[in-house]
Amino acid sequence: DTWISTQKKIHSQLSLPVYPLQENRQFGSKMTDSKYFTTTKKGEIFELKAELNSDKKEKKKEAVKKVIASMTVGKDVSALFPDVVNCMQTDNLELKKLVYLYLMNYAKSQPDMAIMAVNTFVKDCEDPNPLIRALAVRTMGCIRVDKITEYLCEPLRKCLKDEDPYVRKTAAVCVAKLHDINAQLVEDQGFLDTLKDLISDSNPMVVANAVAALSEIAESHPNSNLLDLNPQTINKLLTALNECTEWGQIFILDCLANYTPRDDRESQSICERVTPRLSHANSAVVLSAVKVLMKFMEMLPKDLDYYGTLLKKLAPPLVTLLSAEPELQYVALRNINLIVQRRPEILKHEMKVFFVKYNDPIYVKLEKLDIMIRLASQANIAQVLAELKEYATEVDVDFVRKAVRAIGRCAIKVEQSAERCVSTLLDLIQTKVNYVVQEAIVVIKDIFRKYPNKYESVIATLCENLDSLDEPEARAAMIWIVGEYAERIDNADELLESFLEGFHDESTQVQLQLLTAIVKLFLKKPTETQELVQQVLSLATQDSDNPDLRDRGYIYWRLLSTDPVAAKEVVLAEKPLISEETDLIEPTLLEELICHIGTLASVYHKPPSAFVEGSRGVQHKRLPGSAGSGESVESPDPGAAATETPPAVIPSQGDLLGDLLNLDLTPTTTTGPPPPTTSGMQMGAMDLLSGGLDSLMGDESEPLGGDIGGNPAMGAAFGAAPATMPASFNAPGSGGLDDLFDLGGGVGMPMGALNPPKAVWLPAMKAKGLEISGVFVRRAGVIQMEMTLTNKAMSVMTDFAIQFNRNSFGLAPAGPLQILTPLSPNQSIEPLNNLQVAVKNNIDVFYFSCQYPISMLFVEDGKMERQVFLATWKDIPNDNESQFQIKDCHLNSDAASNKLQSSNIFTIAKRTVEGQDMLYQSMKLTNGIWVLAELRVQAGNPNYTVSSISLKCRAPEVSQCVFQNYEAVLKN
Amino acid sequence: MIGGLFIYNHKGEVLISRVYRDDIGNAVDAFRVNVIHARQQVRSPVTNIARTSFLHVKRSNIWLAAATKQNVNATMVFEFLYKMCDVMAAYFGKISEENVKNNFVLIYELLDEILDFGYPQNSETGALKTFITHSNTVVTGQIGWRREGIKYRRNELFLDVLESVNLLMSPQGQVLSAHVSGRVVMKSYLSGMPECKFGMNDKIVIDKQGKGGGSEDVAKSGKQSIAIDDCTFHQCVRLSKFDTERSISFIPPDGDYELMRYRTTKDIILPFRVIPLVREVGRTRLEVKVVIKSNFKSSLLAQKIEVRIPTPLTTSGVQLICMKGKAKYKASENAIVWKVKRMAGMKESQISAEIELLPTNDKKKWARPPISMNFEVPFAPSGLKVRYLKVFEPKLNYSDHDVIKWVRYIGRSGIYETRC
């Protein structure tokens, strides 16, 4: 170590800056190029023409430079095409490159003349200098003229097998270029296979470019098996990853992220080989590695040591991204926002790094603020609040608004801080800064919702600022407050009346709110406000063109005139709790965005299909299936393609409603909305039909009046009724399906009124028009799988058959069945009660998987003898015992016992210890497994909120399922 | 991938326009009209105009924008734009309108080489110079960042540890956040394909070695080791080796490069402490007193010390008294700037200011931006020490001892702010 101490002194005498970059100048071409930008005189083209045809090499070069400069500033110099192309035959590489640049720009507008260049290209591809070979093949690919591409094939084929890696890597990209011009040609010429071979190339840069080219080509063929990712190729990619340039690493990581490992072991081993990338200096390498890890982590069991290690490893590199340049920080923050929503645990201790710096660009500030709110918790709330208070005095209006809003969010999120938040907000209102006041009022409304009867004392202060509110959101919030607390505000009627004067100039949001507020006021103080309510009702119903407003007005009117008591119950109903988090991204979208970490999609927080044209954006990515989430990934690996489908909730309002909702999905099957959007629509329609009525009336849930924006989709859907065919498919004795379907659009078989909701198991988009939704029930000791098969295709479907894959409880259809190719082996991460099913018709075989409730496996003779119970309980080792908590269950022990009995869970004994009822219960599964339970219920207190349950079983794997069943039964 | 890359001057005039993909249409004008000519504060470095995404950065007055129609890797595009700036700077110095115009042919050549069909290719300046200097040798080797056959008469290595120390302190002197972001910048002039190994007082490494050695050893070195929160490396470093053994080994690029970046938050030496005292006297006067204390060995000298005290927009006059250095009120910057050339460790100095304010009836309070500080110190505030840098070149006949090595530590202020 001595060299440091002895030589330090000498070196430190050098003054700063240490090493001037003397050698730099030699590379710039003579410092005179700018003059080319200034030649703008008339007759220029003629002069240039003459110069281009000059005999002197230097003069030619000068002339070409002038041409390029003119081209750059947007002048049309296409007239010089033949003259420039004439300069192409030269040994001077610089001149050649300039001519090529010109060619790339103008070849398309002069295709016939561009042919003149072909010979030179072909010749250059044979040049002994690899730089020239590569330059030729690179440029040729950029000339998008059909006639030229024909000539490109032979040189390209040679270059793909060139001895020099520089040429090969250039040729690899050229295949992608050619594919963009003429995809068919690339396929016919077999270039794709050559490209695939390059993945095994000895040079890592060649591998990286081949991967990039293949990924791009594969994107425009979503269903091709082009990027045949299998463990062998993955291994090759991981090897190249360690050796190639930073950009190559990004290509490879982005490609890896599309792979779905076969099992958790493979997943872990890939993760282990990717984690070193987190220390790369290039942020894009880091974020792409994070993407791979975030995705593959889904497959790792949470109790694995490695899982915890991986989580810990992710935080430091994410924090490091925040010391990058501001633009990169912005991208990083947008991504961190997603990561925090998916896995809050990663950054929960890193709040401080998101504190806003005075000099941060505004876009960084706003994003940091967003993340601060997400990370706010009881542990750090004091610090966060202190920061937010600082921010609220800043200059940028958007930022200040967001900071004020953030204070309100903190109050709602962390109860302990609510009081301080409210007082901070009141301080801010005192500043009288207009937008601060308005923002504060909007959030205070939410605080009132969250903590009723706690902070209403501040209403007086709020009312003082009534006049300064000019934004619709703030006005609406204030009106809501006045209406909601009308009984405490003496002059509530005057206040509301003052708004009524300019009723028609208000925005819809305010109008709706005003209508509701006055109705509330009327119900609270009927005597003095009759006139007011009549006034608003007539304004809303007779003088308004807005259907939302009119409908709401009519409903109130009718309600008030027919049954004022009911009106009171509806309008002044207790409001549901508001959620703690806002602006959460919808889970399916979030999953998709996690698969797009680092890309524009993650910056926009929109799926690629929302901003990419053509076929590239259509593909929806999914996280690999783990506990109860996500559809299968768009993966060429068929084995992994059958993970479970999320149980899309269809309300249990009876069949009619179910069918209505099905209609909703139909209008566009071919170009139709992708699955996540569809389910969103479905939910919307459901809301409107079922729960929608309440929200229409008294309850302005989160978006003030916003959720009433009528849903025309429902009406429109009636017209396009498809052939929907509910079919009850009983496990024992099937076979009637063919006949049923030949009826084609006949009347559906009536189904039992007590049906549990059906879930879409196989969306039509995945099965060439066949949609399957279904549910499992247990009736009279028989397990039934009820399915609704909907034909959404244009043609008739016949020849149906069904088969189940091997599953945990040995379920099998009880009818004669055709034998189909078996599905890939059951993956360990799937829940036990997962069933993989294959359905066949005349078109194809479709695979899907679904979960059945474990309760249908409980047999009727599941009641154990007392003595046997005791013995068995002792006999089962304590390791097999699992404990669970059931929250918010309002049943006493007898009611619970009765409820459970109906799903074949039998109570054997009951005793009371220290005010708690203990129920001892047993159940037996079809395959003979006994499950014993001890349910602890708080007796005497009908409002107890938590009961706990211990489950013992020789096969402890089933405990989780059984518990879920308990929860479902007890809460139902 | 990137569909096109454009460089504009501050007026929005196109200096460089290279289109890689036809699908972006007339993107070059769309960006000019919608972003540069909008003349508003940039609200996002990513803009979507007519379904084309633009990612841009600014270097002094020059705009660099990449356009694309696809869902590109945005992080990669920004990294590429920065890299592009670095490469250009390495070729012709500062990125200015004049320099870009003077070198436009070179820039087109570079763009042709480092971006193919919108895919970034090898962008290491060292390697690029083999393509773009008009010599007709050497091509893509197994190692992208170093060409073969480099020869020096004198094998020499320069190593700079450059740190920037960042602080946010409350008026009461409580550290709200502090971190050091450091860089190890090297300049190597070595022949052949040398293997290098770099060692520093990384706590994890020291602790590991300490386990093997005696307890005395641990006590001695353990004290000096530092905990590194996270570090990132130049692409030449074998990351898998760092991941498993925590050793930093690499074949260096030729010339200048940044070997690593790191970040520490524990046991940071804060070279200066700023103690502000602001008193509002009535509505038209403000009294400000700021004390700075240097907190390092008295034998060391800090340089280029500058304290910036923001003043309200309504300031009409300022009177200043300072013990050391020079202080000035700069009306255009709304700040008092106090400069001290040198200051030894363990010293203290102060400035007092009386600020006259114009009476206003503006309700809005003055936001009181934080007091910021700049300085340079000849040590690493993180405590990082270079332990060794070994060079092996098995094929050529020079050994580790023949290489002349230099090391230097410089600590600079990053964002060093104290709220007042």
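Residues numbered from 1 in each chain as written. Chains lettered and ligands numbered in written order. Predicted model: local features only at pLDDT ≥ 70, side-chain atom pairs only at ≥ 80, totals over all residues. Heavy atoms only, no water.

Named according to an unreviewed UniProt entry, chain B is MHD domain-containing protein originating from Gasterosteus aculeatus aculeatus. Taken directly from UniProt, the Subunit (unreviewed entry) text for chain B runs: "Adaptor protein complex 2 (AP-2) is a heterotetramer composed of two large adaptins (alpha-type subunit and beta-type subunit), a medium adaptin (mu-type subunit) and a small adaptin (sigma-type subunit)." (UniProt positions renumbered as here; feature names shortened; annotations may be inferred.)

The name recorded for chain A in an unreviewed UniProt entry is AP complex subunit beta, from Gasterosteus aculeatus aculeatus. Under the UniProt heading Subcellular location (unreviewed entry), the note attached to chain A is "Endomembrane system". UniProt, in its Sequence similarities (unreviewed entry) section for chain A, records the words "Belongs to the adaptor complexes large subunit family."

S.K.: Could you give me a rundown of the packing of helix α16 (residues 264-274) of chain A against helix α17 (residues 283-297) of chain A, with the residues and numbers involved?
M.R.: Residues and elements named next belong to chain A. As a packed pair, α16 and α17 sit with axes 10 Å apart at the nearest point and diverge in direction by 160°. Accordingly, the angle class assigned to the pair α16 and α17 is roughly antiparallel. Two packed elements cross with a definite hand, and for α16 against α17 that hand is left-handed. Residues Ser267, Ile270, Cys271 and Val274 of α16 touch α17, and the partners they reach there are Ala289, Val292, Leu293 and Phe296. The class makeup of the residues in the contact of α16 with α17 is 7 nonpolar, 1 polar and no charged. (Axes fitted to C-alpha atoms, helices over the stretch in contact; angles between N-to-C directions. Helix = DSSP H or I, 4+ residues; strand = E, 2+ residues; numbered from the N terminus. Parallel < 35°, antiparallel > 145°, perpendicular 65-115°, else oblique. Left-handed = near helix turned anticlockwise from the far one by under 90°. Contact = heavy atoms within 4.5 Å. Nonpolar A, V, L, I, M, F, W, Y, C, P; charged D, E, K, R; others polar.)

S.K.: Which residues make up the environment of serine 948 of chain A, and what values do they have?
M.R.: Residues and elements named next belong to chain A. Along the chain, serine 948 falls in strand β12 (residues 946-953). The exposure class assigned to serine 948 is buried, which follows from its relative accessible area of 12%. Residues contacting serine 948, with those up to four places away along its chain left out, are Phe884, Gln885, Glu934, Leu935 and Arg936. (Buried < 20%, exposed > 50% of the residue type's maximum accessible area, 1.4 Å probe, protein only.)

S.K.: Go over the packing of helix α13 (residues 204-219) of chain A against helix α15 (residues 246-256) of chain A with me, naming the residues and quoting the values.
M.R.: All names here are of chain A. It is the contact of α13 with α15, at a shortest axis distance of 8 Å, that shows an interaxial angle of 45°. By the criterion of interaxial angle, the relationship of α13 to α15 is oblique. Read as a crossing pair, α13 and α15 show a hand that is left-handed. Between α13, through Ala208, Asn209, Val211, Ala212 and Ser215, and α15, the contact on the second element is made entirely by Gly248, Phe251, Ile252 and Cys255. When the residues that make up the contact of α13 with α15 are grouped by side-chain class, the tally is 6 nonpolar, 3 polar and no charged.

S.K.: An account of the sheet that holds strand β9 (residues 175-189) of chain B is requested, with residue identities and associated values reported.
M.R.: Overall, mixed pairing links the 9 strands, which are arranged β11-β13-β9-β8-β23-β21-β16-β19-β18 (chain B) in an open sheet. Two strands bound the open sheet, and with one partner strand each, they are β11 (230-233) and β18 (326-330) of chain B. Neighbour to neighbour, the strand axes of the sheet diverge by 15° on average, direction disregarded. Of the pairings in the sheet, the one linking strand β8 (residues 156-169) of chain B to strand β23 (residues 404-418) of chain B comprises 13 bridges and is parallel in character. The partner of serine 164 of chain B across the bridge, within β23 of chain B, is arginine 412 of chain B. Sheet strands in contact with helix α18 (residues 305-320) of chain A are β11 and β13 (255-264) of chain B, and its direction is about 70° off that of β11 of chain B. (Pairing = 2+ DSSP bridges.)

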